[in-house]
Structures are given as C-alpha cells and as structure tokens.
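Each chain, letter by letter, is given below.
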Amino acid sequence: MLFYLAPMEGITGYIVRNAFANHFPYMDKYFTPFIPAAKRMNKKILRDLAPENNRGINLVPQLIGNRADEFLMMIKQLEQMGFTSVNLNFGCPSGTVVSKKKGAGFLSSPDEMDRLLDAVFSESPLPISVKTRIGMEQEEEWNRLCEVYARYPFEELIIHPRLQKDYYKNPVHMEAFAHAAEKIKVPLCYNGDICSVTDYKAVTDRFPGIDRVMIGRGLLENPGLVGEIKGMPAAGKDSLRAFHDEILEGCLCNFQSEKDAVFHLKELWFYLTRHFPNREKNLKMIQKCQSLPEYKMIVQQIFS
C-alpha cells in the first residue's frame, strides 16, 4: 500500500513535511498545499518547493485554477524546476475558492472540465494526477464526472467521495467510489475519514483492489497512524514531542516574529490535541496564548 500525506492549506508546508519525514517516515508521497495557477510563484511558494527544503521527500506540486493556459504555464515552470509530475485540485470545498469556480466549484461544469483536461493533456510535459470530490450538490453529478475522468490517462485519480456541500462533516459516499472503481481504469487513490487503523481496514476491506490511500486530518491528529497501520507501536510522547519541537523550531526560523510562529502552531494543535486527554481544555489554552514563553509552558503541561 502507498500512503500519501494530503495537502492542507496553511499546515502541510515544508516544515511539517520534514517533521513527518524525520520522525514518522512512512509517507510514499507528499503534495503541496494548492498553488494558484493564475499567478506567478511568489517567494513563499518558491521556498515551499525548493529542493533544499524537501530533501528525501517525494513531492508533487498541486495546482488550482480553471484555465488550461494557466495550468500549462505553471506546469512548464515546474518541469524546469525539476518536478516530474503535477496534481490538479478539483476538490477544495472552501466557499471563497468555489465562488471563483475553482477547486470543487469547477465540478459544476463537466463539459468545460472535459475541454480543459483535453487541452492540458495535449500539451503538458508532465504526467498529471487529479484530486477531486464527486460533485457540488447531488451524488448523481458523479456519473457525468466519471465519464469525463474516464477519458484521460491520469497518473492517478485521488477521490474524496464527498460533495462540495458536505465539506468534511457528512458521511463519505462509498458507493460513489465503488462506481469510479468500475468505470475508471487509471489507478485510484482513496481519500477521506481515515483517522484510525479501524477506518483504514474498513476502506481496504471494502475496496481490496486499491493500492494507495491519502490521509490528511487523521495524520495531524495522530502523526504515527501509518506506522500503526503497518503494525508498529503507537506513537509515544517522546516521538510526538520531537515531532512538535521540530515544527516549532522551523516556524521560529521561518516567521518574522515569535507571535506569528505561535499563531501558526495553533492550527496544528487544533488537530494534535485530539491525541491527548482533556482536548477541550488544552485547545482553549493554546488558542488563548499570545507569547512564546506562555506557549512553551502550555506545551510542556500537555506533554507531561
């Protein structure tokens, strides 16, 4: 089985990727948080893609947009930078993204998507994968989208079997993934609600033919989850502390102020607190803290 770390905007940049690679080295592939295809790459994006910040990491840039010419412009730049594949995001459910007809918002126009993919595949110098949801409002939308996706030789198709309106709350539509497994012949990757070994087994028992899964929130809640799936002991406090401390050090080196670093780490703790007792109390303390010394004191309390 291949294991992928899902891209999560504002969280899974190179600092977090390196912490996983150094302390929980089970990922076969990492994906960048989405890069807007309509813009030139700014310094922050270039820093996240830089080879020196991703040593030993199999990294795939993920692009978001709705125009073939802009996708191709960015793909050609990425090829020049040495990347060997690229991922297109048709899955982000964020309202601000969807309102621009990007991410999952583009799923509402399957004919337009067909034309875009035809144009991109006709000129792309790199293999292409797609990360997708199954539609915007109704599960029936997936039938037409599958017809479109079945036309193209994707490197792989990563399916989060939820609608845009589901966000991350409603149950996944397992029948939609089953439909894709029947209709689409490229490698399929399952993504969605794998937060425990039990969840993983439920998916692989249902779909024994899949050979890759993508995990996002489940790995931020429990960074050692893939190790547990592979039969290793659960992550202990020492390994989790080392994982956290590397991220903290990276943030302190990367951000302009200690306050910015603490603010960034609050996003990580929204998930990581689930691994510890007294989640609500711990999360409330983290969210309220305003300084690095206070933050370190709270972290020490959580780990002890």
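Note that the structure is a prediction, hence the values are computed from the model and not measured. (Residues numbered from 1 in each chain as written. Predicted model: local features only at pLDDT ≥ 70, side-chain atom pairs only at ≥ 80, totals over all residues. Heavy atoms only, no water.)

Undergrad: I'd like a rundown of the packing of helix α13 (residues 279–288) against helix α14 (residues 292–303), residues and numbers included.
TA: Any two packed helices are characterised by the angle at which their axes cross and by the distance between the axes. Contact geometry for α13 and α14: axes closest at 10 Å, N-to-C directions at 165 degrees. On the basis of the axis angle, α13 is roughly antiparallel to α14. Note that α13 runs across α14; the crossing there is left-handed. Residues K281, N282, M285 and I286 of α13 form the contact with α14, whose own contacting residues are Y295, I298, V299, Q301 and I302. (Axes fitted to C-alpha atoms, helices over the stretch in contact; angles between N-to-C directions. Helix = DSSP H or I, 4+ residues; strand = E, 2+ residues; numbered from the N terminus. Parallel < 35°, antiparallel > 145°, perpendicular 65-115°, else oblique. Left-handed = near helix turned anticlockwise from the far one by under 90°. Contact = heavy atoms within 4.5 Å.)

Undergrad: With reference to specific residues and values, describe the pairing of strand β1 (residues 2–5).
TA: In this sheet, strand β10 (residues 212–215) lies alongside β1 in parallel orientation, the contact comprising 4 bridges. In the sheet register, L5 faces β10, and the bridge partner there is I215. Pairing analysis gives 2 bridges linking β1 to strand β2 (residues 29–31), with the strands arranged parallel. Within the sheet, the bridge partner assigned to L5 lies in β2 and is Y30. Taking the sense of rotation as the criterion, the β-α-β connection linking β1, helix α1 (residues 14–23) and β2 turns out right-handed. (Pairing = 2+ DSSP bridges. Right-handed = clockwise from strand over helix to strand, strands pointing away.)

Undergrad: Requested: an account of the side chain of N18, with residues and values cited.
TA: Mapping N18 onto the fold places it in helix α1. Take N18: its relative accessible area is 17%, and that puts it in the buried class. Dropping the residues within four chain positions of it, N18 is found in contact with N53, I57 and E246. (Buried < 20%, exposed > 50% of the residue type's maximum accessible area, 1.4 Å probe, protein only.)

Keep in mind these numbers describe shape, not what the thing actually does.
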